[in-house]
Amino acid sequence: MTQRTNGTSATRRDVMKAAAAAAATAALTGCGAQAGPGGGTDSLTLDEGVTWGKAPCRFCGTGCGTRVAVKDEKVVAVTGDPQCGVNKGLLCAKGYHLPAVLYGKDRLTYPMLREGSSYKRIEWGEALDLIAEKLQTSIDAEGPRTVAFYGSGQWTIQEGYAVNKWFKGGLKSNNVEANARLCMASAVTGFMTTFGMDEPMGCYDDIENTDVVVLWGNNMSEMHPVLFSRVLARREKAAHVKIVDMTTRRTPTSAFADHVLMMKPQGDLAIANGIARWLIKNDKVDQEFVREHCVFQAGKTDIGYGTEDHFAFADEPRKLTFDEYAAYVDEYTPERVEELSGIQPTDLVMLAEMFGTPQKRITSFWCMGMNQHVRGTWINNLVYSVHLLTGKIGVPGSTPFSLTGQPSACGTVREVGTLAHGLPGGRVVKKEAHRKDAERIWGLPDGTIDPKPGYHTVEMFRALDRGDIKVMWVQVTNPFQTMPNLKRFRDGKKAKPDDTFLIVSDVYPTPTTELADLILPSSLWVEKEGCFGNSERRTQQWDQLAKPPGEAKPDVWQVVEVARRMGFENLFPETETLERDLYTEYREFTVGKGKDVAEYDALRAVPGLRWPVVDGRETAWRYVPQYDPYAEKGKRIDFYGQKTNGHRAVIWFRPWEPAAEVPDAAYPFWLCTGRVLEHWHSGSMTRRVKELHQAVPETYVELHPEDASAAGITDGAMVRLTSRRGSITLKAAIDARAAVQRGQVFVPFFDENVPINDLTLDAFCPISKEPDYKKCAIKVEKA
C-alpha cells in the first residue's frame, strides 16, 4: 500500500504540506479577501473613486466568486468573495492576477482584415457586413452545412445561446461546436447513458461530508486548487479522512495523498472493473439499492477510435441480468488488473474495501484524465457503476463528480446545448418534440430546425481542411494551438489560405488569429455583462464593471449585429437589455424540466444559485427527495432522468480495451499532455501576466531519470520528441514538480512556441467524440 511519504523528499513534502494547510485555512476563513462588500448588486464606494462589484472568476470550472475593484472604468484589484460558497474568499494564483489579464500591451483593439501577408484596420460596420456576405454567399452556393461556428466553455450563457439560436434557428445550420467537446463531452455522455440527464447530482458540499476522496487521474492541487484546499481542510478537521490519488505520474497532488496508486495509461478501465468484481465476490453490493434503483446493460465492444475522416458509430445497448453482469466482470481478478493497469493487487483490494464499507462516504473526482480518453464514456460509466453498486450516491459526502476545466463549460455548452447535436435545456436536434419546443420558443415555423446533427469538433476541423466548410467563425478559443493532430489543420490552412474564410474574435494575438482572414477585438470578463454556469450546477451573473479597450466589443453584440444584417431581426429584436432578455428567454427551456435556472434578478443578488431552482430555492443534491423538488417523495433516490428505465440508473459493463496508439520499438514512449498551476489552457492570457510567466516561462518535457540517463539527457538539456505526426524540440525537466514513470513523458500545452499538439493523435471516444490527449506513442532523443 503506497503512502503519501513515498517518492517525495522530506523537505519538499513539508513545504508543500505547509502551503496546502495555509491554503486550506484561507479557504475557510476568507483570508486574502480584502475589505469590500459581500454579495448584492449595489456597488459600494470604499476609497475615493473606487467601486466594487461581484463576478465569478473566468478561469477553470470551479466558479470561485470574486469582488472586483474598479477605478476610472478599469479593474484595479480583485479579491475572493467571502460570501461565495464555492471559495469562501480564497482565489488561486491565476484568480488573484485577473486584473493583469485584462491589460496586456498587445490587446486587440480594432477589427483587422487580411491583405496578402499582412492586415489592415477596418471599421466595425465593414467587418460585420463582410461576415454576413461571406456566410450568405456560402449558404446560397452550397447550403448551410458549409458554414460553422466554433465557440467555447468561456462563452457566457448569453453568447452561446445567441449563436445557437441564430445558427440552428436562423441559418438552419447545426454546425455549432465549442471547445468543451475537447474536455467535457465524455462527462456528458457518461451522465446521459447512466442517468438520462447531464451534470452532477452532488455539489462541492460533499467535500465537507466525505470520508474518502478518490481522485481518478485528477491532479486536483494544480487544476482545481481552491477545491483541493477544501479537501485538505476536511482532512485536517477529521483525521480519519483519506485521499486516494490514482495517477500515471506523481504530481503535487500525490504529495498530499494517503495512498498513491501508480497506474499505466488506460489502466483505469481495468481498475473500475476489478473493484466491481471484488464487491460482488465479497458480498459488498448494496442489493436493495441496486434492485430498486438500477438496471444492467452492455453495449458494443471493439468500437474503433475515430482516426479516419467521416467516422461514424452508434452503440447498441442490451439489457443484462445481475448474474450476466457478474460473469462479464469476473475476468478482472486482482492479478489481471495488475497486468492491465500496473497497480498492485493489495492496492486494488484496499480501494475496493473502501467502497465496500457501508459506513464510508466516498466522493470521486475526475477531470481530463478520464474524459480525454478513447473510452471516455466507458470509464465515466464504470465509475458511476462502482458508486451505484455500493449505493454511494445521493448521500451528502458520497458522490461521483466530474469537474470542469472552463468557467461555463456546463452553463453555456452543456446546458445551452452549443454542440452540433444539442438544443437548450438538454434537448437534441434529432428528437422532433425537442425541435418543436425550440421552434415554439424562438417563434419559428415547424420544421425549421434540421434534425441532422452538424460536425463534431474533430470532424468540423477535418471538414475545414477538406474544404467542405467554407466559412468558420471562432470565438473565445484558440483551436490552432489546441486541436489534436494540429499539424494537419494548421498546415492545411496555410497551404490553402483562399479556400476558406476564417473569422476570429479574441482579446490577444494567438496562433489562431495568425491564420484568420478577419480578426475582431472582443471584450473580456467584466468588460461586459453575462452569466456562467460552473461544475456544481451554479449559475452566476455579473454586470459590466469596466470599459473594454479601444473598439473591443462583446461577443454577443458581434453575433447579434451580423444576424440582424442577415435578416434575422425577428430572432433578435432591438432592446436595451440584451443580456437579460437572452437569459430570460433561455430560462424558458429549463423551467419544468428539472433544469430550472434561477431568475435573472435572483442571480444579481447573490454569488450564484444551483439548479434546479424552484420557488427561489436552490438544490444541493439532485434526485434525493429531501433536497430535490423533482424527486418522488418516499423514495431513497429517484433517477427521474431515466424515463425509459423506470427511473433506474444504468450499471454498465464496459471492458478494458487498449489505447488507439501504444508504444512500440520505433516510438517507445507514452506521451501525456496537460496543464500546470500557473497557466491556463493555451496560455494566451496567463503568459501575459508577468508573475505567472516568470514562474513558468516556457514549456518542458518531464522525463524519468533512468530514461534520461539512457539517452544521455540532463536536466535543462534540449530534447527532440517525435511522433508519427510531427516533431518538436524543448527542454528536459527531470524530477521537477512532478515525476513520470519509466517509459512515459509529460508536456504542458500552454506554450504556443512549442506546439505539442503537432504530436498528438486525433483519436476520440466514438460515443462522446472527445479526443484523447493523454495517450500516444513518441520517441525521445537528445537534440
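Here, every reference points to the structure presented above.
The text that follows walks through the structure, step by step, so that each part is easy to find. Residue positions are given per chain, counted from 1 along the sequence in the order it is written. Side-chain atom pairs in this predicted model are given and counted only at pLDDT of 80 or more, local residue features only at pLDDT of at least 70, and totals for whole chains, interfaces and linings cover all residues. Derived side-chain values reflect all non-hydrogen atoms in the structure, with water molecules and hydrogen atoms excluded from consideration.

Further remarks concern unusual backbone geometry. Look at the link from W611 to P612: it is a cis peptide, with omega at 0°. Each helix is a run of DSSP H or I of at least 4 residues and each strand a run of E of at least 2, with the numbering of both proceeding from the N terminus. Note on placement: P612 falls in the loop between strand 24 (609-610) and strand 25 (649-653). Although it is not a glycine, W525 adopts a positive phi angle of roughly 55°. Within the fold, W525 resides in the loop between strand 21 (518-521) and strand 22 (530-533). A relative accessible area of 3% places W525 in the buried class. The backbone of H647 sits at a positive phi, close to 60°, despite the residue not being glycine. Within the fold, H647 resides in the loop between strand 24 and strand 25. Burial classes follow relative accessibility: with a 1.4 Å probe on protein chains only, a residue under 20% of its type's maximum area counts as buried, one over 50% as exposed, and anything between as partly exposed. A relative accessible area of 24% means that H647 is categorised as partly exposed.

Another aspect to go through is the packing of helix 5 (residues 157-171) against helix 21 (residues 555-565). Think of two packed helices as two axes; the pair is described by the angle between the axes and how far apart they sit. The interhelical angle for the contact between helix 5 and helix 21, taken along N-to-C directions, is 20°, at an axis separation of 8 Å. Classified by the angle their axes make, helix 5 and helix 21 are roughly parallel. The handedness of the crossing between helix 5 and helix 21 comes out as left-handed. Contact residues: Q158, E159, A162, V163 and W166 in helix 5; D555, V556, V559, V560, V562 and A563 in helix 21. Note on geometry: axes are C-alpha line fits, over the in-contact stretch for helices, and angles between N-to-C directions span 0 to 180 degrees. Just so you know how the angles are binned, under 35 degrees is roughly parallel, over 145 roughly antiparallel, 65 to 115 roughly perpendicular, and the rest oblique. Handedness of each helix crossing follows the sense of rotation of the near helix against the far helix: counterclockwise by less than a right angle gives left-handed, clockwise gives right-handed. The contact criterion used throughout is that any non-hydrogen atoms of two residues lie within 4.5 Å.

Another point: the pattern of salt bridges. By definition here, a salt bridge exists when the distance from a side-chain nitrogen of Lys or Arg to a carboxyl oxygen of Asp or Glu is within 4 Å. Counted according to the given criterion, the structure contains 58 salt bridges. Across the pair E222 and R737 runs a salt bridge whose closest N-O atoms are separated by 2.4 Å. Residue E222 is found in helix 7 (residues 220-223), and its partner R737 is found in the loop between strand 29 (727-734) and strand 30 (739-740); the two are separated by 515 residues along the sequence. By relative accessible area, which is 5% here, E222 ends up buried. A residue is classified by how much of its surface remains accessible, and R737, at 23% relative accessible area, is partly exposed. The closest approach of N and O atoms between E316 and K300, which form a salt bridge, is 3.7 Å. Taken together, the positions of E316 in the loop between strand 13 (294-298) and strand 14 (318-320) and K300 in the loop between strand 13 and strand 14 put the pair 16 residues apart, joining distant regions of the chain. Judged by relative accessible area, E316 falls into the exposed class, the value being 51%. Linked by salt bridges that have partners in common, D309, E459, R462, D465, R466, D468, R488 and D762 make up one network.

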